[in-house]
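# Fold and contact review
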Amino acid sequence: MQIIRDFQFVEPEDRGASVAIGNFDGVHVGHQSVIELAQSVAPDAPLGVLTFEPHPREYFAPDAPPFRLMRGNARAHRLEKLGVQKLYELPFNAALAGLTPEGFARNVICEGLGLSHVVVGADFCFGKGRSGTAEDMARFGQEMGFGVTIAPLMERSDDVVSSTGIRTALTDGRPRDAAAMLGHWHRVEGEVIGGEQRGRELGFPTANMSIEGLHPPKFGVYAVLVDVLDGPHQGSYHGASSVGVRPMFNGEVPNIETFLFDFSGDLYGSTLSVGLVEYLRPEMTFDGLDALIAQMDADCDKARNLLAAL
């Protein structure tokens with residue numbers, strides 16, 4: 001997959017794609033259906049996605065609580081798995097935010113990227129003040145010479161599939177409900193960073209990762225599926241993760257600490273993708289380290305059994 005970040009300087013071979021447009025936070029099943037539609041309506045064109053970095057909500061409200069389900073790199077990895085060939089990841093800045101709907105259609109889609117077809121959701125809004133609608137995009141496409149398809153919203157039996165619904169499920173400690181909407185396990189992806197080595201001292205060496213900028217799942221312990229994406233230990237593993245602030249040790253900054261079952265090695269600097277499968281218990285404090293270790297043993301036994309049954 002090729003990533004293009006400048007709509008004003010686009011190589012000829014990167015023009016003519018059929019793209020799905022949106023933020024694609026989580027790349028849930030609704031997003032996937034829009035991407036599939038972009039491929040089916042123009043099967044001979046390169047399959048692309050047009051998205052933005054940072055997320056427009058981050059740009060307009062930088063001090064708001066973290067809400068993203070995935071960072072840009074994780075989104076790119078997921079889109080590549082779906083067969084996307086061209087990822088147009090445009091910097092969302094004052095110039096882009098200030099474009100009128102017609103200006104966005106003309107300057108970015110038509111003249112800049114030279115797209116042959118675009119697919120947008122029925123609730124798509126674009127342009128300055130989010131004043132453009134999906135119907136406006138269809139009208140601009142007719143005027144400017146690119147195809148437009150409006151995708152219906154995807155619904156489950158109980159609700160519309162949305163990033164908001166997924167965040168709610170994660171906040172409630174319901175990762176399987178989140179996965180049903182995502183079409184895959186919710187994953188935290190990032191680089192393994194140095195910790196306090198406390199897990200190693202307890203007999204449970206953990207790979208520590210930051211969740212800064214991400215919507216925090218319910219704090220507690222999870223059964224997880226782990227992909228080590230690079231380095232000498234690249235591969236897939238089962239494990240248990242603790243998400244939160246480690247109240248037993250007066251932690252303050254939330255992170256995710258993952259213990260990989262039947263693993264031995266150094267993961268510092270490697271990129272991990274940790275998939276949350278089952279919420280096991282909330283964060284707790286204990287009457288000493290022996291009680292903590294006993295609980296961690298129990299957590300790991302329960303996680304092993306759950307993951308073995310997948």
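Above this text you will find the structure in question.
Everything numeric here is computed off the predicted structure, so don't read it as measured data.

Below, the discussion takes up the side chain of His-31. With respect to the helices and strands, His-31 occurs in helix α1 (residues 29-41). Among the polar contacts made by the side chain of His-31, one reaches the main-chain amide nitrogen of Val-27 at a distance of 3.4 Å. Setting aside residues no more than four positions away along its own chain, His-31 makes contact with Phe-24, Asp-25, Gly-26 and Ser-163.

Bringing the packing of helix α7 (residues 163-171) against helix α8 (residues 175-182) into the picture now. Put simply, α7 and α8 touch, their axes get as near as 7 Å, and they point 160° apart. It follows that α7 is roughly antiparallel to α8 by the angle criterion. Considering only the axes of α7 and α8, their crossing is left-handed. Two secondary-structure elements touch here, α7 through Gly-165, Ile-166, Ala-169 and Leu-170 and α8 through Pro-175, Asp-177, Ala-178, Met-181 and Leu-182.

At a minimum axis distance of 10 Å, the contact between helix α5 (residues 101-110) and helix α6 (residues 134-144) shows a crossing angle of 55°. Looking at the two axes, α5 sits oblique to α6. The interaxial crossing formed by α5 with α6 has right-handed handedness. Where α5 approaches α6, its residues Pro-101, Glu-102, Phe-104, Ala-105, Arg-106, Ile-109 and Cys-110 are matched on the opposing element by Met-137, Phe-140 and Met-144. By residue class, the composition of the contact of α5 with α6 is eight nonpolar, no polar and two charged.

Let us look at the environment of Pro-232. Along the chain, Pro-232 turns up in the loop between β11 (220-228) and β12 (235-244). Once the C-alpha coordinates of Pro-232 and Val-34 are considered, the two residues, 198 residues apart in sequence, prove to be 36 Å apart.

To continue, consider the packing of aromatic side chains. The description of an aromatic ring pair rests on the distance of the ring centres and on the angle between the ring planes. On inspection of all chains with the given rule, the structure shows twelve aromatic pairs. Relative to Phe-60, the ring of Tyr-59 has its centre 5.1 Å away and its plane inclined at 85°; by these criteria the two rings are edge-to-face. Between Phe-204 and Phe-259, the ring centres sit 5.2 Å apart and the planes meet at 75°, which makes this aromatic pair edge-to-face. With Phe-204 in the loop between α9 (198-202) and β10 (207-210) and Phe-259 in strand β13 (residues 255-260), this pair connects stretches of sequence that are 55 residues apart. Each member of the aromatic cluster is reached from another via a ring pair, and the members are Phe-52, Tyr-59, Phe-60, Phe-92, Phe-104, Phe-124, Phe-126 and Phe-140. We note Arg-57 situated over the ring of Phe-67; from NZ or CZ to the ring centre the distance is 3.9 Å.

Conventions and cut-offs
Residues numbered from 1 in each chain as written. Predicted model: local features only at pLDDT ≥ 70, side-chain atom pairs only at ≥ 80, totals over all residues. Heavy atoms only, no water. Helix = DSSP H or I, 4+ residues; strand = E, 2+ residues; numbered from the N terminus. Polar contact = N/O pair within 3.5 Å; in protein donor to acceptor, adjacent residues only side chain to side chain. Contact = heavy atoms within 4.5 Å. Axes fitted to C-alpha atoms, helices over the stretch in contact; angles between N-to-C directions. Parallel < 35°, antiparallel > 145°, perpendicular 65-115°, else oblique. Left-handed = near helix turned anticlockwise from the far one by under 90°. Nonpolar A, V, L, I, M, F, W, Y, C, P; charged D, E, K, R; others polar. Phe/Tyr/Trp six-rings, centres within 6.5 Å; stacked < 30°, edge-to-face > 60°. Lys NZ or Arg CZ within 6 Å of the ring centre and 35° of its normal.

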